[in-house]
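Commentary on secondary and tertiary structure
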Amino acid sequence: MKIKAAVVREKGKFALEELELGAPRMGEVLVKMVASGLCHTDTTVLNQDLPTPLPMVLGHEGVGIVEEVGPGVLGLKPGDHVIMSFPSCGCCEPCQDGRPYACDRSTELFFFGGYADGDRRITDGEGAKVGALFGQGSLATYAICAERSAIKVDPEADMKDLCSLACGAQTGAGVVLNKQRPRPGDTYAVFGCGAVGFSAIMAAKLCGCSTIIAVDVVPSRLELALECGATHIINGRECEDVPAEIKRLTGGRGVHFALEAAGLGILVKQMVRSMRPDGFAMVVSFAGDVPLNAGMDLVGSCVTLGGTVEGAANPPVFIPRLVQYYKEGRFPVDKLSRYYKLEELDKALEESHNGSAIKPIIVF
Ligand SMILES: NC(=O)c1ccc[n+]([C@@H]2O[C@H](COP(=O)([O-])OP(=O)(O)OC[C@H]3O[C@@H](n4cnc5c(N)ncnc54)[C@H](O)[C@@H]3O)[C@@H](O)[C@H]2O)c1
Ligand SMILES: [Zn+2]
Ligand SMILES: [Zn+2]
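On to the pattern of salt bridges. What the rule picks out here adds up to 23 salt bridges. Arg25 serves as the salt-bridge partner of Asp119, at 3.2 Å between the closest nitrogen and oxygen. Highlighted residues: Asp119 in the loop between helix H3 (106-111) and strand E7 (122-123) and Arg25 in the loop between strand E2 (13-21) and strand E3 (28-37), separated in sequence by 94 residues. On the basis of relative accessible area, Asp119 is assigned to the partly exposed category, the value being 26%. For Arg25, a relative accessible area of 33% puts it in the partly exposed group. Linking Lys160 and Asp158 is a salt bridge whose minimum nitrogen-to-oxygen distance equals 3.0 Å. When its relative accessible area of 22% is taken as the criterion, Lys160 is described as partly exposed. Linked by salt bridges that have partners in common, Arg25, Glu28, Asp117, Asp119, Arg121 and Lys129 make up one network.

Here we come to the packing of helix H4 (residues 168-180) against helix H10 (residues 315-327). In contact at an axis separation of 11 Å, H4 and H10 are set at 95 degrees when each is read in the N-to-C sense. The angle between H4 and H10 falls in the class roughly perpendicular. Of the residues in H10, those touching H4 at Ala169, Gln170, Ala173, Gly174, Leu177 and Asn178 are Pro315, Phe318, Ile319, Leu322 and Tyr325.

Right, let's get into the coordination of the zinc ion (ligand 3). Within the protein, the atoms that donate to the zinc ion (ligand 3) are Cys89 (SG), Cys92 (SG), Cys95 (SG) and Cys103 (SG), at distances of 2.3 to 2.4 Å. Considering all 4 donor atoms around the zinc ion (ligand 3), angles at the metal cover 104 to 119 degrees and the coordination shape is tetrahedral.

Where two aromatic rings form a pair, the distance of their centres and the angle of their planes describe that pair. Here the structure, examined in full by the defined rule, presents 6 aromatic pairs. Ring geometry for Phe86 and Phe110: centres 5.9 Å apart, planes at 50 degrees, overall tilted. Of this pair, Phe86 sits in the loop between strand E6 (81-84) and helix H2 (93-96) while Phe110 sits in helix H3, and the two are 24 residues apart along the sequence. Residue classification places Phe86 among the buried positions, given a relative accessible area of 2%. With 5.9 Å between their ring centres and 55 degrees between their planes, Phe110 and Phe111 make a pair best called tilted. Across the pair, exposure class does not vary: Phe110 and Phe111 are buried alike. Each member of the aromatic cluster is reached from another via a ring pair, and the members are Phe86, Phe110, Phe111 and Phe134. Of note, Lys160 hangs over the ring of Tyr339, and the distance from its end group to the ring centre comes to 4.9 Å.

Looking now at the coordination of the zinc ion (ligand 2). Within the protein, the atoms that donate to the zinc ion (ligand 2) are Cys39 (SG), His60 (NE2) and Cys167 (SG), at distances of 2.0 to 2.3 Å. Ordering the donors of the zinc ion (ligand 2) by residue number gives the pattern C-x20-H-x106-C. Taken together, the positions of Cys39 in the loop between E3 and helix H1 (40-46) and Cys167 in the loop between strand E10 (150-153) and H4 put the pair 128 residues apart, joining distant regions of the chain.

Near ligand 1 you find 25 residues, and of these Val196, Asp216, Arg221, Val284 and Glu310 are the closest. Contact between ligand 1 and Cys193: an oxygen atom at 3.2 Å from a main-chain N or O atom of the residue. Surface burial for ligand 1 is 86%, taken as the share of its 870 Å² of free accessible area covered by protein chains. Of all the secondary structure elements, the ones that give two or more residues to the shell around ligand 1 are H1, helix H5 (195-206) and strand E12 (211-216).

Now for the pairing of strand E9 (residues 142-146). Within E9, 4 of the 5 residues are buried, which leaves it mostly tucked inside the rest of the structure. Direction of pairing for E3 relative to E9: antiparallel, over a ladder of 5 bridges. Residue pairing in the sheet places Glu28 in a bridge with Ala146 of E9.

Each value, and the rule that gives it
Residues numbered from 1 in each chain as written. Chains lettered and ligands numbered in written order. Predicted model: local features only at pLDDT ≥ 70, side-chain atom pairs only at ≥ 80, totals over all residues. Heavy atoms only, no water. Salt bridge = Lys/Arg side-chain N within 4 Å of Asp/Glu carboxyl O. Helix = DSSP H or I, 4+ residues; strand = E, 2+ residues; numbered from the N terminus. Buried < 20%, exposed > 50% of the residue type's maximum accessible area, 1.4 Å probe, protein only. Axes fitted to C-alpha atoms, helices over the stretch in contact; angles between N-to-C directions. Parallel < 35°, antiparallel > 145°, perpendicular 65-115°, else oblique. Contact = heavy atoms within 4.5 Å. Donors = N, O, S within 2.8 Å, 3.2 Å for Na, K, Ca; no water. Tetrahedral: all angles 85-135°; square planar, octahedral: opposite > 155°, others 65-115°. Phe/Tyr/Trp six-rings, centres within 6.5 Å; stacked < 30°, edge-to-face > 60°. Lys NZ or Arg CZ within 6 Å of the ring centre and 35° of its normal. Near = heavy atom within 4 Å. Polar contact = N/O pair within 3.5 Å; in protein donor to acceptor, adjacent residues only side chain to side chain. Areas by Shrake-Rupley, 256 points an atom, 1.4 Å probe, with all protein chains shown as cover. Pairing = 2+ DSSP bridges.

Now the structure itself:
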């Protein structure tokens, strides 16, 4: 079938093209897109900060309606509403163990453009194969994804605000709810208030954290953080010593838990130095090298520093929970949404980069 999609053929540029999408194969579904969120990782691929094979259809936070199912699909049928989450092989040890975020084939399935059988589903006018980011390529009118990545949601839910549950919100909330698991009264700091950081703030509030500190450099984002659960905000551009300020806000002790979701090695260092003894800090961005002194910053201070993919989530279990929290008003990701048409993708990317749009959502 013919589709319209946002394709990257060279670093830093994309175009809307008419392409041919094949039929869903074994264990796959064809989805008519309702909306697709933009996550910073789309920009990472667009700018080839993480080199990937090109051409590639962008988009990995798709929500839509199942149009057709391939052979062997038992859990979904045409008309079902789905959130398209990250791909995994389903066969390796972590997948079999319910930890698909640690799939042996994650890098390939996320970034190389093919599906689990190694092949692509999209071709262009010249008959050349085109990749689909995260085994979906959701910045397109239709997309194919594996049944195991397509999470069925209540048809009553307004799908367009649920896009980020596929990646960004799942990542931020998952770090808190799946990995760190703070207890009521614990303290939390978030470095970088994009969709990922905001979701961690909302999840820290859900857990009953008493002090939740948001660090960013965009004043409007910091103000919104206060509405979403942060108890204190720090503008990293105005504050001379962020770790000292975090210690001051936590009775001189530092925070129990923290997350870096901005993508800067220097912030990872600041985060580690903001922890209380035995604190647990996590990174989810592609922050690069971190200037840490392992003996002093980690060993002597008993700080655990870790990283994970997609909030260590098993989407069929975790995403329905997030949808439930959303419906209860306890996970208000819609506060982050700003809507665009596919033809306005340029504007959506620009407003994401200049800080004004936290979760740009392309609505089809
Ligand atoms: N590990 C995963 O599975 C996973 C999943 C999704 C996203 N990510 C990554 O997580 C990161 C966050 O994603 P996002 O979509 O929320 O990104 P985003 O670009 O929307 O948010 C980043 C935030 O960091 C802030 N920031 C920039 N410089 C800062 C500084 N010096 N001090 C404090 N804050 C600063 C920005 O103002 C912005 O609010 C990205 O690196 C993305 O690639 C990882
Ligand atoms: Zn993402
Ligand atoms: Zn696997």
